[in-house]
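An overview of the molecular structure
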Amino acid sequence: MTDHRDAPAVRDLHAFIAGLPKAELHVHHVGSASPRIVSELAARHPDSKVPTDPEALVDYFTFTDFAHFIEVYLSVVDLIRTPEDVRLLTYEVARDMARQQVRYAELTITPFSSTRRGIDERAFMDAIEDARKAAEAEFGTVLRWCFDIPGEAGLESAEETARLATDDRLRPEGLVSFGLGGPEIGVPRPQFKPYFDRAIAAGLRSVPHAGETTGPETVWDALNELRAERIGHGTSSARDPKLLAHLAEHRIPLEVCPTSNIATRAVRTLEEHPIKEFTRAGVIVTVNSDDPPMFGTDLNNEYAVAARLLGLDERGLASLAGNGVEASFLDDAGKAKLVAEIDAYTAAWLAP
Ligand SMILES: Nc1ncnc2c1ncn2[C@@H]1O[C@H](CCC(=O)c2cccc(C(=O)O)c2)[C@@H](O)[C@H]1O
Ligand SMILES: [Zn+2]
C-alpha cells in the first residue's frame, strides 16, 4: 500500500479538517480523559494501577481484545471519585473538543458507574451541568448528554440509569438521549426494553451500541426492541444486506468509530473496515471518536481516516460533517446554523 501521509494534497486535507466545524455524536465521558487529565487523576489517587506518566499510558492503552479494553476503561473510571473530578473531566473534555472545532457534542456518560462508587447523585448532576454551562460560555462548544446503561453490570444498572434519567428532580437539562454500552457478548439487548421504554416515554432518544462486537442480530434487536434512532457502531450490519437496506430506507444513521474498532480488535485492519459498504448501501454514516485518547486518536484524525477509506475531498468531508449535524438531536434552528457554518467554511476554503 502506498503511504500518502506526506503528499501535499493530504496535508491540505488535514488542515481543512482541523478548521472544519463539526458535531460529535459518539464519544464517552471517561473515555475522553486526555493523558494529562488521567495522569493528574492518577496522581491524586496513588492507590490506582493507572500510570501517572503519560508515556507509560500509551502502553497501558494498548488492548489485546474488547474485554481487556473494558478492564482498562474501568480502572480509569475508578479514578473519578469526587464531584470535582467529574467537573474537571467534563470541562477539560470540552476544551479538547473546542480545539478541534467541535461545536456540538453528545457525550455518553455512565452515571451508574459514578453513583455506585459513592458519588452523590445530586452532586454528580450538578458537576456535569456546571461544566456544560462553563464550557459553552468559555469555549463555545455545546454539550448534551446521553446516559448509558453499562449492560454487563446487569439490570440493577439499567434500573438505576433509567431512574437517574427520568426523575424530574435529578434529570439534567442537557440530557437528550439514552444508551447502552459495554460488552455485547452474553448481554442480550431485548432485556433492556422496559428501561428504554421508560426513557423514550420521558422524551429521551434511543441510541444503543449494537453490532460492535456481535453480529447483525444485535442491531435488529436494538431497532426492534430498543427502538434505536441511531446505532452506536453497527459494524456487523455489513454482514446483512437486508439490514443495510433497512437502515438506509429508514434513515437510521450509524455512529462509525473506525480507529476504536481496530484498537479494541473488533475489526482487524482499517482496510477491512466496512465503512465503504455502508455508504455504498446508502446508509447515513457519521464519524466519531468513541474514546479518543485511549485509542490514540481524535475526531480530526477519524475524519482523515474516513477521507482515506471513502476517497473524500473537501466537499465530501463537509458532507460527512453535515451528516453529523443532521443525525444529531439539535433542534432545527441549531442544525441550520451549524450546517451554514460548515458551508461557509468550505466555500471560503475552496474559493480561488
Ligand atoms: N467502544 C465501547 N463500546 C462499548 N462501551 C464502551 C465503549 N467505550 C466506552 N464504553 C463504556 O464502557 C462502559 C462499560 C462499563 C461496564 O461494562 C461495567 C461493567 C460492570 C461494572 C461496571 C461499573 O461501572 O461498576 C461497568 C459502557 O457503559 C460505556 O459507556
Ligand atoms: Zn462507544
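Residues numbered from 1 in each chain as written. Chains lettered and ligands numbered in written order. Predicted model: local features only at pLDDT ≥ 70, side-chain atom pairs only at ≥ 80, totals over all residues.

1. Structural notes on the overall build of the chain
- Looking only at helices and strands, one finds 16 helices and nine strands in the chain.
- Taken against the 2.2 N^0.38 rule, which gives 20 Å for 352 residues, the C-alpha radius of gyration of the chain at 19 Å falls within 12% of a compact globule.
- Projected onto its principal axes, the C-alpha positions of the chain cover 55 × 45 × 45 Å.
- Sequence separation of at least 24 residues holds for 72% of the intrachain contacts in the chain that already meet a minimum separation of 6. (Helix = DSSP H or I, 4+ residues; strand = E, 2+ residues; numbered from the N terminus. Rg over C-alpha atoms; globule rule 2.2 N^0.38 Å. Contact = placed C-beta atoms within 7 Å.)

2. Some words on the pairing of strand 4 (residues 175–181)
- The buried fraction of strand 4 is high, at six of seven residues.
- In the sheet, strand 3 (residues 142–150) pairs with strand 4 via six bridges, with the strands oriented parallel. Counted as the bridge partner of P150 is G181 from strand 4.
- Taken together, strand 3, helix 8 (residues 155–166) and strand 4 form a β-α-β motif whose crossover is right-handed.
- Where strand 4 lies against strand 5 (residues 205–206), two bridges are found, and the strand directions are parallel. Bridge pairing in strand 5 links S177 to R205. (Buried ≥ 20, exposed ≤ 12 C-beta atoms within 10 Å, placed from the backbone. Pairing = 2+ DSSP bridges. Right-handed = clockwise from strand over helix to strand, strands pointing away.)

3. Some points on the site of ligand 1
- As a matter of local geometry, ligand 1 sits amid 22 residues, with S113, P150, A153, G181 and G182 nearest to it.
- Looking at the shell around ligand 1, the elements with two or more residues in it are helix 4 (66–77) and strand 3.
- The element best represented in the shell around ligand 1 is helix 4, accounting for four residues.
- A class-by-class count of the residues in the shell around ligand 1 yields six nonpolar, 10 polar and six charged. (Near = placed C-beta within 6 Å. Nonpolar A, V, L, I, M, F, W, Y, C, P; charged D, E, K, R; others polar.)

4. Regarding the sheet that holds strand 7 (residues 231–233)
- Taken in spatial order, the four strands make up an open sheet running 6-7-8-9, and their pairing is parallel. In this open sheet, the two strands that pair with only one neighbour each are strand 6 (209–210) and strand 9 (285–287).

5. Some words on the nonpolar core
- Core analysis: the biggest nonpolar cluster contains 94 residues, and Y303 and L317 have the highest contact counts within it.
- When neighbours within four sequence positions are excluded, Y303 is seen to be in contact with I17, V287, L317 and L320. (Core = buried A, V, L, I, M, F, W, Y, C linked by C-beta atoms within 7 Å.)

6. Quick word on the UniProt feature "domain: Adenosine deaminase" (unreviewed entry) in the chain
- When the UniProt feature table is mapped onto this chain numbering, "domain: Adenosine deaminase" (unreviewed entry) sits at residues 21–344.
- For residues 21–344, helix accounts for 49% and strand for 14%, while the C-alpha atoms at its two ends are 10 Å apart. (UniProt positions renumbered as here; feature names shortened; annotations may be inferred.)

7. What to know about the environment of N323
- In this fold, N323 is placed in helix 15 (residues 314–326).
- In the structure, N323 is positioned 38 residues away from V285 in sequence and 6.9 Å away in space, judged by C-alpha atoms.

8. Examining the sheet that holds strand 4
- The parallel open sheet is built from five strands, whose spatial order is 1-2-3-4-5. Edge positions in the sheet fall to strand 1 (22–28) and strand 5, since each of these pairs with one other strand and no more.
- Helix-sheet contacts for helix 5 (residues 83–99) involve strand 1, strand 2 (102–109) and strand 3, and the interaxial angle to strand 2 is about 145°. (Axes fitted to C-alpha atoms, helices over the stretch in contact; angles between N-to-C directions.)

9. With respect to the environment of Y73
- Considering the arrangement of structural elements, one finds Y73 in helix 4.
- With 23 C-beta atoms packed within 10 Å, Y73 lands in the buried category.
- Separated by 48 residues in sequence, Y73 and L25 have C-alpha atoms that sit 20 Å apart.
- With near-sequence residues (within four places) excluded, Y73 lies in contact with V30 and G31.

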